[in-house]
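# Secondary and tertiary structure notes
This is what each chain is made of:
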Amino acid sequence: MSSEDTLIHSDDPRHPANLICTLCKQFFYNNWCTGTGGGISIKDPETSHYYLAPSGVQKEQMRPEDLFVMDAQTLDYLRAPKLYKPSACTPLFVACYQKKDAGAIIHTHSQNAVVCSLIFGDEFRIANIEQIKAIPSGKVDPVTMKPIALSFFDTLRIPIIENMAHEDELIDDLHKTFIDYPNTCAVIVRRHGIFVWGPAIDKAKIFNEAIDYLMELAIKMHKLGIPPDCGIGEEKKHLAGP
Ligand SMILES: [Zn+2]
């Protein structure tokens, strides 16, 4: 086995190369990454190498051999499949690693994200919903030093940036959200999809699933005439219909 292949071949289903393939398939069947859209990157916790799904490969057919592997220090490719181009999201993923200390980033073309980007202006907001508690507040408990999640009584806010002709052109607006929303773990791209990151892939997956659930719920509330960020007990004032 060549040294390049040892980077991607492992019997461990939790190895980044295997996990990316498993998750790409799962996200394809969730309708989040069809038509080769979307992408995933995982930082190997042991080597700190960045594992990246390539551009143009059908997500449900992704194999470890299709993946790019990047050195986190030099940003040189340690492994680059000849058949494929790196994902256009790569600079955005690297920005999340470097500026947000991410351990993994998920990018989907979720229809819930796209519709929410048409309903909301510069910020997606939803309040007082149990599932909000899955999302980190960005604050840390001063005693345990563990991250504190949002509470049921909080409002989740996710910035929405405008789409560009090419994915890598989103980089300036992504950097701006890092400054304007230092606690966010996600950015919605209007008429495009969403980027979600976390300290490890398990967390990023939970955040992505919870946010997608909340975006779907917000769309349903909006259809009923209920503002997704309305206060507890105020929903009846807004209910559409008789
Ligand atoms: Zn995309």
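These lines cover the structure that appears in this document, whether it is placed above or below. (Residues numbered from 1 in each chain as written. Predicted model: local features only at pLDDT ≥ 70, side-chain atom pairs only at ≥ 80, totals over all residues. Heavy atoms only, no water.)

Now for the packing of helix α2 (residues 16–29) against helix α6 (residues 201–224). Close contact between α2 and α6 brings their axes to 13 Å; oriented N to C, the two are set at 10°. Put simply, α2 runs roughly parallel to α6. Across from Leu-19, Leu-23, Gln-26 and Phe-27 in α2, the residues of α6 making contact are Ile-201, Lys-205, Asn-208 and Glu-209. A per-class count over the contact of α2 with α6 returns four nonpolar, two polar and two charged. (Axes fitted to C-alpha atoms, helices over the stretch in contact; angles between N-to-C directions. Helix = DSSP H or I, 4+ residues; strand = E, 2+ residues; numbered from the N terminus. Parallel < 35°, antiparallel > 145°, perpendicular 65-115°, else oblique. Contact = heavy atoms within 4.5 Å. Nonpolar A, V, L, I, M, F, W, Y, C, P; charged D, E, K, R; others polar.)

Here the focus is the sheet that holds strand β1 (residues 39–43). Read across the open sheet, the nine strands follow the order β4-β3-β2-β1-β5-β11-β10-β9-β6; overall the sheet is mixed. Because the sheet does not close on itself, it has two edges, and the strands there are β4 (77–79) and β6 (123–127). Going from strand to strand, the sheet's axes swing by 20° on average, the running direction of each strand aside. Both strand β3 (residues 68–70) and β4 contribute to a ladder of two bridges, which runs antiparallel. Within β4, the residue paired with Met-70 across the bridge is Tyr-77. Strand contacts of α2: β1, β2 (50–52) and β5 (104–108), with the helix running at about 155° to β1, the strand carrying the most contacts. Sheet contacts for α6: β1, β5, β6, β9 (155–161), β10 (186–189) and β11 (193–198); angle to β11, the most-contacted strand, approximately 145°. (Pairing = 2+ DSSP bridges.)

Time to look at the environment of Leu-156. Following the sequence through the fold, Leu-156 ends up in strand β9. For Leu-156, a relative accessible area of 4% gives the class buried. Each residue touching Leu-156, except ones within four places of it in the same chain, is listed here: Phe-124, Arg-125, Ile-126, Ile-132, Ile-135, Leu-150 and Leu-214. (Buried < 20%, exposed > 50% of the residue type's maximum accessible area, 1.4 Å probe, protein only.)

Bringing the pairing of β10 into the picture now. Alternating positions in β10 separate into two faces, Ala-186 and Ile-188 on one and Val-187 and Val-189 on the other, with burial throughout. Relative to β10, β9 runs parallel, the two being bridged by two bridges. Directly across from Ile-161, in β10, lies its bridge partner Val-189. Crossover connection from β9 via helix α5 (residues 171–180) to parallel β10: handedness right-handed. (Right-handed = clockwise from strand over helix to strand, strands pointing away.)

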